[in-house]
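Examination of the molecular architecture
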Amino acid sequence: MAHRPQRTFRRRRADSSDSDGAGEPCAEAGERAPPGPAEDGPPPGGGHAEAAGRAHRVRLPRGRGRGRGRVWASSRRNAGPGLRAEGGPESGTVDISTDEENGTHHSSESKDDQSSSSDSSSSLEEEFSSIVNIPDAAFIQAARRKRELARAQEDYISLDVKHTSTISGIKKNSDEDSENEPDDHENRILFTPKPQTLRQRMAEETTTRNEETSEESQEDENQDIWEEQQMRKAVKITEGRDIDLSHSSESQRVKKFDTSISFPPVNLEIIKKRLNTRLTLLQDTHRSHLREYEKYIQDVKSSKSTIQNLENSSNQALNFKFYKSMKIYVENLIDCLNEKIISIQEIESSMHALLLKQAMTFLKRRQDELKHESAYLQQLSRKAEQSTNGTLAIDEKTQRILEEIASRRAQRRQARELSGNCDHQEGTSSDDELSSSDTIDFQKSQGDILQVHKKIFEDVHDDFCNIQNILLKFQQWRETFPDSYYDAFISLCIPKLLNPLIRVQLIDWNPLKFDSVGLKQLPWFTSIEEFMNSSVEHSKKEDSSDKKILPIVINKTVIPRLTDFVEFIWDPLSTSQTTSLITHCRMILEEHSTSESEVSKGKQDLLKSIVSRIKKAIEDDVFIPLYPKSAVENKTSPHSEFQERQFWSGLKLFGNILLWNGLLPDDTLQELGLGKLLNRYLIIALLNAIPGPDIVKKCNQIAAYLPEKWFENSAMRTSIPELENFIQFLLQSAHKLSRSEFRDEVKEIILILVKVRALNQAESFIEEYHLDHLKSLIKEV
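Residues numbered from 1 in each chain as written. Predicted model: local features only at pLDDT ≥ 70, side-chain atom pairs only at ≥ 80, totals over all residues. Heavy atoms only, no water.

What about the overall build of the protein chain?
Using the following cut-off: Comment: elements are numbered from the N terminus, with helices defined as DSSP H or I runs of at least four residues and strands as E runs of at least two. Here's how the labels work: a residue is buried when its accessible area is under 20% of the maximum for its type, exposed when over 50%, partly exposed in between, all with a 1.4 Å probe on protein chains only. The contact rule is simple, with two residues in contact once any of their heavy atoms fall within 4.5 Å. Calculation of accessible area relied on Shrake-Rupley with a 1.4 Å probe; when residues are assessed, cover is drawn exclusively from the protein chains displayed.
From N to C terminus, the protein chain includes 30 helices and zero strands. Across the 781 residues in the protein chain, those meeting the buried criterion constitute 39%. Looking at the protein chain alone, contacts between residues at least 24 apart form 76% of all its contacts between residues at least 6 apart. For the protein chain, the exposed area adds up to about 46,400 Å²; of that, 51% sits on carbon and sulfur atoms.

As structure tokens, this is what we get:
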């Protein structure tokens, strides 16, 4: 069996006459497929004449089929041009068989060509004559009858096996076709064996068809739609389809039913099952829609209720207005502080540098005076050892420093006499006097800094620089909307907002001055306390978060400033500075350490700075020279006076260190005061001194500085280990005094031993020297 050649499609231009087929889908519905190789054949009798009369309905694509077999692409119209093919006679059907099939049917085709040759030659003569002479109506009617008789007589050899049924169908519709067919002179295709004449006729027919179709206002379809339709048509074409060439105005296409296709059996149970399944799906969908509907109804009710509540609530607008104003206020406050913080830092640095310069001036002057005075006394000692006569050569700088020292001492002595303080020891006074020029320069620089300090917030409204006004804003928020206030953790934000403003108020605050203002008297302190108290009254909660505002402020703002003073400016040898500093530290670390977790880090940093500064003072500022007894026997000699001043200066530092009792740990104080200062410097100086009332006086002063809480335990019979050297020195001095005329000082020594809880040593000494009258002192304890 021969195979059908592959079908090809040629793209047609939109402006050609073929585009009409794409533009009119209804006209293309009558498209016919070529018959298969087994069933194909020419149409029954009258096929050539019928094709000649209806060739305008079918058209071949041009330039395709030579040498390869003919490929058909049909496009049918209701009324249109006829079928044309190149290189062969035209007919109602087109053979698409291969060259082998053409060879097989060569004999039948040759016979057909011979029979049609005479008809075509006679028709050509008639057409040429009709072109010259226009036939009348009678001639045309006669031609029609002649054509009908030719069909009826079957004057051609039919190749169709279904000859009878096809011929009868043609005869049945011959009358209708005769009336509907166009006249031969109107639209007749000339059959001619000459290719050139046929091309001319095809060109003429194309021109006529284009003129007819241009008059019809038909819209052209897109090229892609046309190709898709052609592809769809090609797929739908199946083998074994009969072509019913009807001559009616409405062409109908008959498709053969393929009996080879089998369908699954259908019974009532399957139908019922499918219907039930479909019904179940529909019911489930319906129920889901009902649930969604109920949900939407609830949402609508809830939305309406919310809208009604919002409409009935008249305070919502006011609430929004308040929050918006508070937001704008806080943003403006932060912008203001960010702009001013640079100026605040510059002023703080200037004030700190000024105070540091003054402190370094005092420290350097004290060390220089100590160095030059010690060098001068050494020169005096060498001169005395060499027993040389004449004046001692002293450089000009040393002479000037010694004169300044003597002048300041005379001034302090005169001031004490005027105040009535006659019981004063040389060396215990603070040598912190400035010259008049230095005092003027310091005051001028400090005044300039304070002037700039006052201008920091000169251009700022009080609501953004006054701590009380700022806290009133937040207090209004807390009273109006307490829930949102506490949810926003405002108590943690307020210390950060107030930090720059508090630092401005602390620029002129010096905790080392004896007349410095306490923290409780500062405006920011009182404002925060009032804010905290109002918070407790309003919230009625003892654990209100606002109670932590003041400890946080102290920890983040005040303690770092105190630490800077301790590290760089504080002089441990100054009793006034130490006393003032201890007062502020005690208030901060004891009274306001409500939350240990909040102040632990700042407190530890401050205490570490204090210990470090004390150690540095012991190492750098304590100097007690040791001279021969011959040099110190005379209490008015320069060596004796210098040694006494240095001893009392060291004893003053000892007292200042022990003032930190209660703030520094006991073991730290004992290590600093007793281990590093008393045992290393003071006891050695006492051992080198001559026993007498002065020794007892110094020992009494040492015992007076010792904290009483170290000896509160009534069960103690021996003193603390760090005082063991001091106790041995007391016993040694008592033994020496008991053999001399200073027996009354022995009682003072026994009292010192009792005070430091060296009871066992005191009882042994009393029993050894039979001082029964002093046993009552021990019994009183």
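A closer look at the state of the cysteines
Rule in force here: Put simply, a disulfide is two cysteine sulfurs that come within 2.5 Å.
According to the stated counting rule, one finds zero disulfides in the structure shown. Among the cysteines around Cys465, which has no disulfide bond, Cys336 carries the closest sulfur, lying 7.2 Å off.

Topic: the side chain of His584
Note on placement: His584 falls in helix H21 (residues 575-591). Those residues within four positions of His584 in sequence are excluded, and the remaining contacts are Trp509, Pro511, Ser516, Val517, Gly518 and Leu519.

What to know about helix H26 (residues 693-705)
Our working rule: An expected span of 1.5 Å times one less than the residue number is assigned to each helix.
With 13 residues, H26 should cover 18 Å at 1.5 Å per step; its first-to-last C-alpha distance of 19 Å lies within 8% of that length. For H26, the secondary structure elements touched by its buried residues are helix H24 (638-658), helix H25 (666-687), helix H27 (724-738) and helix H28 (744-755).

What about the nonpolar core?
Short version of the rule: In this text, buried Ala, Val, Leu, Ile, Met, Phe, Trp, Tyr and Cys residues form a nonpolar core when linked through side-chain atoms within 4.5 Å.
Membership of the largest hydrophobic core comes to 123 residues, with the highest contact counts inside it found for Phe474, Leu519, Trp524, Ile528, Phe654, Trp660 and Leu723. Top contributing element to this core by residue count: helix H12 (residues 316-386), with twelve residues. Beyond its immediate chain neighbours, meaning those up to four positions away, Ile528 contacts Leu471, Leu498, Ile502, Ile549, Leu550 and Val553. Residues Leu370, Leu380, Tyr627 and Val632 belong to the second largest nonpolar core, which totals seven residues.

Looking at unusual backbone geometry
Backbone geometry at Phe489 places phi at a positive 55°, although glycine is not the residue there. With respect to the element layout, Phe489 can be found in the loop between helix H17 (482-487) and helix H18 (490-505). We classify Phe489 as exposed; its relative accessible area is 52%.

Section: the pattern of salt bridges
Put simply, the rule is: Here, a salt bridge means any Lys or Arg side-chain nitrogen found within 4 Å of an Asp or Glu carboxyl oxygen.
Tallying each qualifying case throughout the model produces 15 salt bridges. One salt bridge in this structure joins Asp459 and Lys340, with 2.9 Å as the shortest N-O distance. With Asp459 in the loop between helix H14 (436-454) and helix H15 (462-465) and Lys340 in helix H12, the pair connects residues that are 119 residues apart, well separated along the chain. The salt bridge partner of Arg366 is Asp621, with a shortest N-O separation of 3.5 Å. You can see Arg366 sitting in helix H12 and its partner Asp621 sitting in helix H22 (residues 596-621), a full 255 residues away along the chain. What makes Arg366 partly exposed here is its relative accessible area of 22%. Judged by its relative accessible area of 8%, Asp621 is buried. One connected set of salt bridges, linked through shared partners, spans Arg366, Asp571 and Asp621.

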